[in-house]
Amino acid sequence: MPSNLERGNIMTRVRRTHAVAAALLSLLAAPAALPGTEPFAPPPGRKLRAMGVDRALDRRHLSLHYALAGRLSLNSMDNVVDLSDDRDGDSSQYLGATYTAELWMVHDDGPFAYGRLKEAGPAGFNAPIIIDGDLETLFGTQDEWRGRQNYPALDIVYGDVPLAGSARAQAGLVPFKVGNGFAIGGKFANYGVNVYDERAPLPWRVHWSRPDQNNEWFLGTSKDQDKNQVARSENTQANLYALQGRLPAGKHQLEAYAGVLHDRTGQNQRDVAFRYQPSPNLRRIHEDTLGTAGADLDLDLDRFALGLEGAKNFGKANGLSGTRDVRHGGYLLYGDARWDKAMTWPVFITPTARALQASGNKDTQQDYDAAAGGVYRTRGGNRAFSVFSPLNTGLFDTVFPASPGPVLTMARGYTINYGMPRPHTFSDPHLAENLQAASLGFHLRHHSLPVFATVDWWYLRAQHPGFRREGGVTRPLDPELGHEVDAIGTWLLSDHLSLQVIAAWFLPGAYYQGRRTANTAGPFAGILADDFLLASPNVVSGGDPDPAWQFEGALNLNF
């Protein structure tokens, strides 16, 4: 429970004009963080209206609080689908919006309830209100949202009650996030329970949830296009169990976590992306247990900060008769650093650095040669770092990471862009899998003006880039994916109003160069180049990629 919530007397009434004004402002207000990075804990907010009365419930106080946020933006992007200036329709511009309304009721240090209404486009991006031409994405062309499509959905809702001592429990549509957001969920809330104790000498949290139930019991206006392309109920039978503990030591902290995603979904309801089969959906699985264990260390050394995180997958999927079991063994390493001492007046400069390595499934030249002859080898190991299993990708819209990364290539911005295709088991560029990345950047802050800016340069490389067939010969692809420069600037015009600019420019690397021929028939039509290229998408058929860019100018309001 937030420690800085205001307390007041029992709520009595709210003026109608206040409520109407709040609803209108919520259409223009905006979250300050990029999608997937906003904190799940309710902010302190503002007291909606509290009037003193003589009588108090159990001699305590009940207060009601709210927070409204929204965003109105002009978005433009080019070449983010195929890295080609030659094809019409790959340049898109649209006016987008998103908004949230948060409300929570607090009864002193006792129970409290929290709910968040949120309206956003597919996968949390700004919903398209007005589109100039076509708005193309990796998941198809997006349409303008009209009428009921712009109504909000209940994004998070739970009740929080005290237990023995300082322990508490949350139940409802609850979020759960560990470390930097790479592992064990993070972006979406699911129906479940959190039991935690933030005041213990060693703070801890235990979590259980039912993934995909939030799509089946969707509490909002149905959006057919969103369901067809992004979010949908898969009739999954999965449970997520996790625990998290923190060891504070002064300004330093060590967090340890472990979780298990136990999936008993029937084979006919599974959307399988695991490779080494003639068709991606022929892997016969009876039961899948994907485990993840990791630790995140944060060191605060005066004005120098260092963070290190490591996570490892374990567990296995049990195959039906005649199908081999699949053991999970992916790993992730992440580090970031910040140096606050590097400052120059009147503009303060804070250099930053980040590095990431996430494992992926490795192919061999013999695998591709055999596939070219119609023989598909089965493997018993999944080495891709996994938040959800590649043996049931139907869980992608309910168990998904909220981790940092490049704005364009890994789709970390607000503009509807699903990232840049790269060698990948899951066919989802947002996921940190089969990837090596490094970033150098800096934050800028003026000593008196309320202006902030962040600039980051990213280098991206595929750990296992795969192969292609050329003239009947299997040849390896280059692992270099390219470079990206991101710039984010924010100008605080007032306590409630701000302007923000997000710009990203991607220069394709050698991986995207070289002419390839896409398959036009068979189970891999449209996604495989030449004879067999499952993990390495054919993005640029002409072999001469052009840079891609994305720009967003936004008006943010917060109340």
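### Some points on the overall build of the protein
- Of regular secondary structure, the protein possesses four helices and 27 strands.
- By residue count, 50% of the 559 residues in the protein fall in the buried class.
- Counting only contacts in the protein whose residues sit at least 6 apart along the sequence, the fraction spanning at least 24 positions is 69%.
- If you sum the accessible surface of the protein, you get close to 24300 Å²; carbon and sulfur atoms cover 57% of it.

### Re the pairing of strand β13 (residues 252–263)
- Alignment of strand β12 (residues 238–249) against β13, held across twelve bridges, turns out to be antiparallel. Bridge pairing links Pro248 to Gln253 in β13.
- The hairpin turn running from β12 into β13, its antiparallel successor, is two residues long, and Gly250 in that turn takes a positive phi close to 65°.

### Focus: the nonpolar core
- In this structure, Ile184, Leu332, Leu356, Phe388 and Phe506 are the most contacted members of the largest nonpolar core, which totals 57 residues.
- The set of elements that each furnish at least two residues to this core consists of β12, β13, β18 (331–339), β19 (347–358), β21 (435–446), β22 (451–461) and β26 (497–508).
- Trp104, Phe112, Val174 and Ala189 belong to the second largest nonpolar core, which has eleven residues in total.

### Overview of the side chain of Asp340
- Along the chain, Asp340 falls in the loop between β18 and β19.
- Asp340 sits in the buried class, given a relative accessible area of 19%.
- A polar atom in the side chain of Asp340 sits 3.2 Å from the side chain of Arg338.
- Setting aside chain neighbours within four positions, we find Asp340 in contact with Arg303 and Thr350.

### Examining a nonpolar patch on the surface
- Residues Leu440, Trp457, Val485, Val501, Trp505, Leu507, Trp549 and Phe551 make up a contiguous nonpolar surface patch of roughly 700 Å² in combined accessible area.
- Within the residue set of the nonpolar patch, elements represented by two or more residues are β26 and β27 (548–558).
- By residue number, the principal contributor to the nonpolar patch is β26, which donates three residues.
- You can see Val485 is positioned in strand β25 (residues 480–492).

### Things to note about the environment of Asp296
- Among the secondary structure elements, Asp296 is positioned in strand β14 (residues 285–301).
- Expressed as a C-alpha distance, the spacing of Asp296 and Glu309, which sit 13 residues apart in the sequence, is 4.2 Å.

### Digging into the pattern of salt bridges
- Across all of its chains, the model carries ten salt bridges by this definition.
- Among the ionic pairs, Arg246 bridges to Glu198, the shortest N-O distance being 2.9 Å. Within this pair, whereas Arg246 is found in strand β12, its partner Glu198 is found in the loop between β10 (190–197) and β11 (204–209), the two being separated by 48 residues in sequence.
- The class of Arg246 is partly exposed, set by a relative accessible area of 23%.
- A salt bridge links Asp325 to Lys316; the shortest N-O distance between them is 3.5 Å.

### Brief notes about the packing of aromatic side chains
- Using the criterion set out here, one finds ten aromatic pairs in the structure.
- Where Phe182 meets Tyr334, the ring centres are 4.9 Å apart and the plane angle is 50°; that geometry is what we call tilted. Residue Phe182 is located in the loop between β9 (168–174) and β10, and its partner Tyr334 is located in strand β18; the two are separated by 152 residues in the primary sequence. Comparing Phe182 with Tyr334, the two get one shared label, buried.
- Centre to centre, the rings of Tyr511 and Tyr512 are 4.9 Å apart; their planes meet at 85°, and the pair counts as edge-to-face. Considered together, Tyr511 and Tyr512 belong to a single accessibility category, that of buried residues.
- Aromatic rings pair up to connect Trp104, Phe112, Tyr114 and Tyr158 into one cluster.
- A cation sits over an aromatic face here: Lys187 above Phe125, 5.9 Å from the ring centre.

### As for unusual backbone geometry
- Despite not being glycine, Asp302 has its phi angle at roughly 60°, a positive value.
- Its place among the elements puts Asp302 in the loop between β14 and β15 (304–314).
- Overall, Asp302 belongs to the exposed group, its relative accessible area being 52%.
- If you check the backbone angles, Asn434 has positive phi at about 50° while not being a glycine.
- As for its placement among the helices and strands, Asn434 is situated in the loop between β20 (381–382) and β21.

### Side note on the pairing of β21
- Bridge count for β19 against β21 is twelve bridges, and the pairing is antiparallel. Considered in β21, the bridge of Arg354 is made with Ser439.
- Looking at chain direction, β21 and β22 are connected through ten bridges and run antiparallel. Note on β22: the bridge partner recorded for Gly441 is Asp456.
- Counting the residues between successive antiparallel strands, the hairpin from β21 to β22 contains four residues.

Conventions adopted
- Per chain, residues are indexed from 1 in the order of the written sequence.
- It should be noted that, the model being predicted, local features are given only for residues of pLDDT at least 70 and side-chain atom pairs only at 80 or more, the latter also being counted only at that level, while totals for whole chains, interfaces and linings use all residues.
- To get the side-chain values, all heavy atoms of the structure are used, and hydrogens and water are removed first.
- Per the convention used, a helix needs a DSSP run of H or I reaching at least four residues, while a strand needs a run of E reaching at least two, with both numbered from the N terminus.
- Each residue gets one of three labels from its accessible area relative to the maximum for its type: buried under 20%, exposed over 50%, partly exposed in between, using a 1.4 Å probe on protein chains only.
- Residue contacts are counted whenever heavy atoms from the two residues lie within 4.5 Å of one another.
- Surface accessibility follows the Shrake-Rupley procedure with a 1.4 Å probe radius. Residue values consider only the protein chains on display as shielding.
- A strand pair is defined by DSSP finding two or more bridges across the two strands.
- Grouping buried Ala, Val, Leu, Ile, Met, Phe, Trp, Tyr and Cys residues that are joined through side-chain atoms within 4.5 Å yields what is termed a nonpolar core.
- In the analysis that follows, any N or O atom pair within 3.5 Å is treated as a polar contact, provided that within protein one partner can donate a hydrogen and the other can accept it, and provided that, for residues neighboring in sequence, both atoms belong to side chains.
- The residues that make up patches have over 30% relative accessible area and no salt bridge, and they are joined within 9 Å when like-charged or within 5 Å when they are Val, Leu, Ile, Met, Phe, Trp or Tyr.
- When a carboxyl oxygen of Asp or Glu is within 4 Å of a side-chain nitrogen of Lys or Arg, the pair counts as a salt bridge.
- Aromatic rings from Phe, Tyr and Trp, with only the six-membered ring used for Trp, were paired whenever their centres fell within 6.5 Å, and each pair was classed as stacked if the ring planes differed by under 30 degrees, edge-to-face if by over 60, and tilted otherwise.
- Sitting over a ring, as applied to charges here, requires NZ of Lys or CZ of Arg to be within 6 Å of the ring centre and within 35 degrees of the ring normal.

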